[in-house]
Amino acid sequence: MKAVVIDHYGGPEVQSLCDVPIPSPASGEVRVEVHASTVGRTDTATLRAHPFFARVMTGLFRPKMRTLGMDFAGKVDAVGDGVTAYQIGDRVFGISTDRFGSHAEYLCVPQNGAIARIPGDLPFDQAVVGEGAWYAHGTTKLLSEGKRCLIYGASGAIGTAAVQLAKANGAYVVAVVGSRHLALAESLGADRLVNYETEDFTAISDKFDLVLDAVGKTSWFACKPLLGDNAVYASTDLGPGWSNILLGAWFGITGSKRVRIPFPEDAPGFIRYLASLMAKGKFHGIFDQSYSLEETVEAFRYVETGQKTGIVVVKVR
Ligand SMILES: NC(=O)c1ccc[n+]([C@@H]2O[C@H](COP(=O)([O-])OP(=O)(O)OC[C@H]3O[C@@H](n4cnc5c(N)ncnc54)[C@H](OP(=O)(O)O)[C@@H]3O)[C@@H](O)[C@H]2O)c1
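Asks: Sorry if this is basic, but what is going on with the overall build of the protein chain here?
Replies: On a plain count of helices and strands, the protein chain comes out with nine helices and 15 strands. Compactness check: the protein chain gives a C-alpha radius of gyration of 19 Å against a globular reference of 20 Å for 317 residues, within 12% of the reference. The principal-axis extent of the C-alpha atoms belonging to the protein chain is close to 60 × 45 × 40 Å. The proportion of buried residues among the 317 residues of the protein chain is 56%. Taking as baseline every contact in the protein chain between residues at least 6 positions apart, the subset at least 24 positions apart corresponds to 68%. As displayed, the protein chain has an accessible area near 13,900 Å², and 52% of this comes from carbon and sulfur atoms.

This is the structure we're talking about:
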């Protein structure tokens, strides 16, 4: 099969398209004939081993995984011993969180992993929606009916997902985006829009239960005026001078969890929840450009610009 392979950390150019053996599903695993994948910020960060300490998980000297790609959508084409949840031919989607591997024509996933049936007849290239949504869920899960949140940078994969997940939980959502994304944020259900190019969002006279910086460009100090009692500030990045890590640790010691990096958890449960939202029409992916498997290096270069809207798809077939 064709797969995009890496042997060491570096920029997009260290990847090459190679012929490698088709994997066989182990006991309890399904093999997915991959039709669509994505290039997300997890892929670009993992390729560059950024931040450096991520190497503890991804491999100290060289990447443990030879092929990146977290999101997948495709058809089950083989099952290992003991698989009862899926059958050959099932249309599935999900995220391969530990092994990656979806920048390839086939990958194997545990049947109990982060995999679910694609709702209805949604095309494969519109079902690769897991990565950003999983990160967003790390903090939007704190929201319930009537809670108020502000989502800064509501135009990336995490931000567009966060608006929809917060609305699905019944929250009031203020979305902060640039001019070119105002209509998009409104279409996602945001209750109020702030254009960061013309308005200082930290000066709006409102208090929130959650401020989520979905693009890692602000700081807790800047957002403090927006935080109500017991409110949480969360950011997808480390913050200036790693301040989010340091503040997160400090507030952890003091017993309050006011600053968080939304490390996501329970990927299998989340993908099943996401599938249920998609089936009810409460969640859909926002897609930017798509690339072929042969163009994966170009897709990485584009994602690294930090300018994508929503999700960048790799059409594998
Ligand atoms: N380390 C990891 O493994 C990892 C994994 C996932 C995500 N992340 C972090 O999570 C963040 C979000 O990732 P993502 O995939 O959702 O999206 P992304 O690619 O970072 O988001 C791009 C979007 O952000 C907007 N944007 C850029 N600069 C902005 C600014 N100063 N203020 C507001 N919006 C701005 C861009 O539109 P405009 O410029 O037109 O406004 C674009 O639509 C990234 O910072 C990434 O580092 C890290």
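Asks: It is not clear to me how helix 1 (residues 41-48) should be interpreted in this structure. Could you clarify?
Replies: An α-helical turn contains 3.6 residues, so a residue and the one three or four places further along point in the same direction. Taken together, the buried positions of helix 1 are occupied by Thr-42, Asp-43, Thr-44, Thr-46 and Leu-47. For helix 1, the elements touching its buried residues are strand 3 (29-39), helix 2 (55-58), helix 3 (130-140) and helix 9 (296-303). Looking one or two places after helix 1, you find Ala-49, whose phi comes out positive at around 50 degrees.

Asks: Sorry if this is basic, but what is going on with the nonpolar core here?
Replies: Formed by 78 residues in total, the largest nonpolar core has its most connected members in Phe-93, Ile-151, Leu-274 and Phe-283. Summarising the domain contributions, this core has at least three residues from each of domain 1 (2-129 + 285-315) and domain 2 (132-260). Apart from residues no more than four positions distant in its own chain, Phe-283 is found in contact with Val-129, Ala-133, Ala-161, Gln-164, Leu-165, Leu-274, Leu-277 and Met-278. Counting residues in each nonpolar core, the second largest holds 18 residues, with Val-174, Val-176, Phe-208 and Cys-223 among its members.

Asks: Explain the domain arrangement of the protein chain here, please?
Replies: How big an interface is tends to be stated in terms of the accessible area lost upon association of its parts. Each domain of the protein chain was delimited in the assignment, giving domain 1 (2-129 + 285-315) and domain 2 (132-260). Distance from the C-alpha centre of domain 1 to the C-alpha centre of domain 2: 27 Å. Taken together, the contacts link 13 residues of domain 1 with 13 residues of domain 2. At the boundary of domain 1 with domain 2, total buried surface from both sides reaches about 990 Å², with 62% on carbon and sulfur atoms. Of the residues in the side of domain 1 that touches domain 2, the class split is seven nonpolar, five polar and one charged.

Asks: How should I be thinking about a nonpolar patch on the surface in this particular structure?
Replies: On the surface, a nonpolar cluster with roughly 540 Å² of combined accessible area is contributed by Val-56, Met-57, Leu-60 and Phe-61. Relative to the assigned elements, Leu-60 resides in the loop between helix 2 and strand 4 (71-79).

Asks: Explain the site of the ligand here, please?
Replies: Around the ligand sit 22 residues, and of these Tyr-152, Ile-158, Arg-180, Tyr-196 and Lys-308 come closest. In the model, an oxygen atom of the ligand is placed 2.8 Å from a nitrogen or oxygen of the Ile-158 main chain. Bound to the protein, the ligand loses 86% of the 900 Å² it would expose on its own. For the shell around the ligand, the secondary structure elements donating two or more residues are helix 1, helix 3 and helix 4 (157-168). Broken down by element, the shell around the ligand gets its largest block of residues, three residues, from helix 1. Looking at side-chain class alone, the shell around the ligand contains eight nonpolar, eight polar and six charged residues. Shared between two domains, the shell around the ligand takes at least three residues from each, and those domains are domain 1 (2-129 + 285-315) and domain 2 (132-260).

Reading the values: the criteria
- Residues numbered from 1 in each chain as written.
- Predicted model: local features only at pLDDT ≥ 70, side-chain atom pairs only at ≥ 80, totals over all residues.
- Heavy atoms only, no water.
- Helix = DSSP H or I, 4+ residues; strand = E, 2+ residues; numbered from the N terminus.
- Rg over C-alpha atoms; globule rule 2.2 N^0.38 Å.
- Buried < 20%, exposed > 50% of the residue type's maximum accessible area, 1.4 Å probe, protein only.
- Contact = heavy atoms within 4.5 Å.
- Areas by Shrake-Rupley, 256 points an atom, 1.4 Å probe, with all protein chains shown as cover.
- Core = buried A, V, L, I, M, F, W, Y, C linked by side-chain atoms within 4.5 Å.
- Domains from an automatic or database assignment.
- Buried area = accessible area lost by both parts, 1.4 Å probe.
- Nonpolar A, V, L, I, M, F, W, Y, C, P; charged D, E, K, R; others polar.
- Patch = residues over 30% accessible without salt bridge, like charges linked within 9 Å, V, L, I, M, F, W, Y side chains within 5 Å.
- Salt bridge = Lys/Arg side-chain N within 4 Å of Asp/Glu carboxyl O.
- Near = heavy atom within 4 Å.
- Polar contact = N/O pair within 3.5 Å; in protein donor to acceptor, adjacent residues only side chain to side chain.

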